[in-house]
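Here is how the chains run, residue by residue.
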Amino acid sequence: MEIGLITSLADALPGLVWVALPDGRAEFLNRRWCDYTGLSPQEASGMGWQSAVHPDDRLSWLEYWDGLLASRNPGEVEARLRRHDGQYRRFLFSAAPIANASGEIARWCGINTEIEEKLAAQEELYARIRSDETLRESDIRTRAIDGIPGFIGILAPDGSVEAVNRRIKEYTGQSLEELKNWGTNGTIHEVDLPHTAEVFGQSIALGIPHAMEFRLRRHDGEYRWFDDRGVPMRDDNGNIVCWYVLLTEIEIRKRNEAELSRARAELAHVARVSTINMLTAAIAHEVNQPLTGIVTNANTCLRMLASDRLDLDGARATAQRTLRDADRASAVVQRLRAMFTHKELTTETVALNEAAREVLALSASELQRGRVVLQTDFASGLPPVVGDRVQLQQVIMNFVVNAADAMRDVDDRPRSLSIATTLDGPEVLLSVRDAGIGIAPESAGKLFEAFYSTKGHGMGVGLSVSRSIIQSHGGRIWAVANDDCPGSTFSFAIPCCSPPAASQASEG
Ligand code: ADP
């Protein structure tokens, strides 16, 4: 075939055709090649054609070319070629060796086919399939949780809401899109929101389950109490795939609890008042008799001494009766004191950390209600103490309740309560630190006095009873104002019953 015919044939082929030497220099590029790239045959000849290949693809193209030379076999590579309008489009570069009669490869020829549209269509299809799958998956999940007779939500690993079941939508009157903004759209009662956000944020950040209570707005605007529990679902590598959240309405339980604690408080008050009334009546009765005797006898004695006929024997006898009645009165008082002070102490070995943990578990919901953020720093290897476990827990409980009380009106800083134990020489020390209103200077000396209270409904007996409990354990009790921040720290120290461990670490 003559050269002209070959050239016409190459120009007519539906692709960009070329012939090159093994070093990559182009010997021939068909018209389509030049028309497509906008390069003239002169510009494209030699290594000039490379200027039309996308700079990021040149290296892989060179690797491909080296591979071809080494294999001496046809091969293909994908690379972007610049069109005359400056737009890069993807091409399949196919090349094959041209061997001469002696089998030597002196040239390579090839055809570049544009695959941009085919690839774009393929990518679009894959994207559609992927989003269909995601939709189907979330559809299946939503339908599955719709059937559960509870309030269920599914969250992404970062805590954002992915799906909620029908009951949540019906209860809140919100769509999934609206519920995604639960942190800002009043879904949770504003009073409960900061604590909820904190517990939730910590749970998501640390990948640990959470349990909390808050008020959730119903479709009609009424807030009702819910218990919220979230657990992470992990894949085989331990990565969190999603979170499952179960909400349970506890409005009735909450009301009952409030009712119960009101009833309890009233009962305790009635009990206290009636005990005091009974006690007062008993004391009045017991002491009144000898007092009446004392007054009568003293009067008789005076009369006898004042009479013209001095009756010294009679006066002596009445004075003795006065003394006898005074002794009776003092015996009554002593009996009463004995009744209150000589309570037998139950002694056992008490692990103070455990005792404190139990108290915290008992007061957990009360602390949560008061939006108190609890921190513990229990020393490990703490030796036990000998004493009455229940009484010591009474003291700890009293510290904790007082700390929560002191922070009731604090809104400009976290209501943090830290409870810590430590070994201090031969003593075990427990302290409860709060960020509350602190101790007023005029109160400082009176806190542990019986019936001293600055609270509207306080009895003022908690700390005085605590002091007698700690003293009966051979220990000390005290309170100090925090020196680095508002609030105070109440502590007690009691002797431990075994030699201190060599080193201490924190149990948390
Ligand atoms: P009550 O709690 O019934 O008042 P307490 O004997 O337990 O009786 O406490 C006596 C008083 O000590 C309280 O009324 C309060 O003034 C003060 N107090 C106790 N704990 C704290 C505390 N953590 N912060 C500030 N004041 C406190």
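Here is what the cut-offs are and how they apply
Residues numbered from 1 in each chain as written. Predicted model: local features only at pLDDT ≥ 70, side-chain atom pairs only at ≥ 80, totals over all residues. Heavy atoms only, no water. Core = buried A, V, L, I, M, F, W, Y, C linked by side-chain atoms within 4.5 Å. Buried < 20%, exposed > 50% of the residue type's maximum accessible area, 1.4 Å probe, protein only. Helix = DSSP H or I, 4+ residues; strand = E, 2+ residues; numbered from the N terminus. Contact = heavy atoms within 4.5 Å. Phe/Tyr/Trp six-rings, centres within 6.5 Å; stacked < 30°, edge-to-face > 60°. Lys NZ or Arg CZ within 6 Å of the ring centre and 35° of its normal. Patch = residues over 30% accessible without salt bridge, like charges linked within 9 Å, V, L, I, M, F, W, Y side chains within 5 Å. Areas by Shrake-Rupley, 256 points an atom, 1.4 Å probe, with all protein chains shown as cover. Salt bridge = Lys/Arg side-chain N within 4 Å of Asp/Glu carboxyl O.

## Re the nonpolar core
Part 1: By size, the foremost hydrophobic cluster in this structure holds 39 residues, and its most contacted members are Phe-399, Leu-430 and Phe-492.
Part 2: Sorting the residues of this core by element identifies helix H11 (352-369), helix H12 (389-406), strand E15 (416-424), strand E16 (427-433), helix H13 (462-472) and strand E18 (488-495) as the ones contributing at least two each.
Part 3: Top element by residues in this core is H12. It accounts for seven residues.
Part 4: The residues contacting Leu-430, other than those within four sequence positions of it, are Leu-352, Ala-356, Ile-396, Phe-399, Ile-419, Ala-420, Thr-421, Phe-490, Ser-491 and Phe-492.
Part 5: Core analysis: the next-biggest nonpolar cluster, separate from the first, contains 25 residues, Trp-18, Trp-33, Ala-44 and Tyr-64 among them.

## Looking at the packing of aromatic side chains
The geometry of an aromatic ring pair comes down to the distance between the two centres and the angle between the two planes.
Part 1: Counting across every chain of the model gives 13 aromatic pairs.
Part 2: Relative to Phe-91, the ring of Tyr-36 lies with its centre 5.1 Å away and its plane at 75°, an arrangement referred to as edge-to-face. Of this pair, Tyr-36 sits in helix H2 (residues 31-37) while Phe-91 sits in strand E4 (residues 88-99), and the two are 55 residues apart along the sequence. An identical accessibility class is assigned to Tyr-36 and Phe-91; each is buried.
Part 3: Taking the ring centre of Phe-151 as reference, the NZ or CZ of Arg-167 above it sits at 4.6 Å.

## Things to note about a nonpolar patch on the surface
Part 1: A cluster of nonpolar side chains, namely Val-231, Met-233, Val-241 and Tyr-244, defines an oily patch on the protein surface of about 320 Å² accessible area.
Part 2: Looking at the nonpolar patch, the elements with two or more residues in it are strand E9 (223-234) and strand E10 (240-249).
Part 3: Looking at the secondary structure, you find Met-233 in strand E9.
Part 4: Given a relative accessible area of 38%, Met-233 falls into the partly exposed group.

Geometry only, nothing functional implied.
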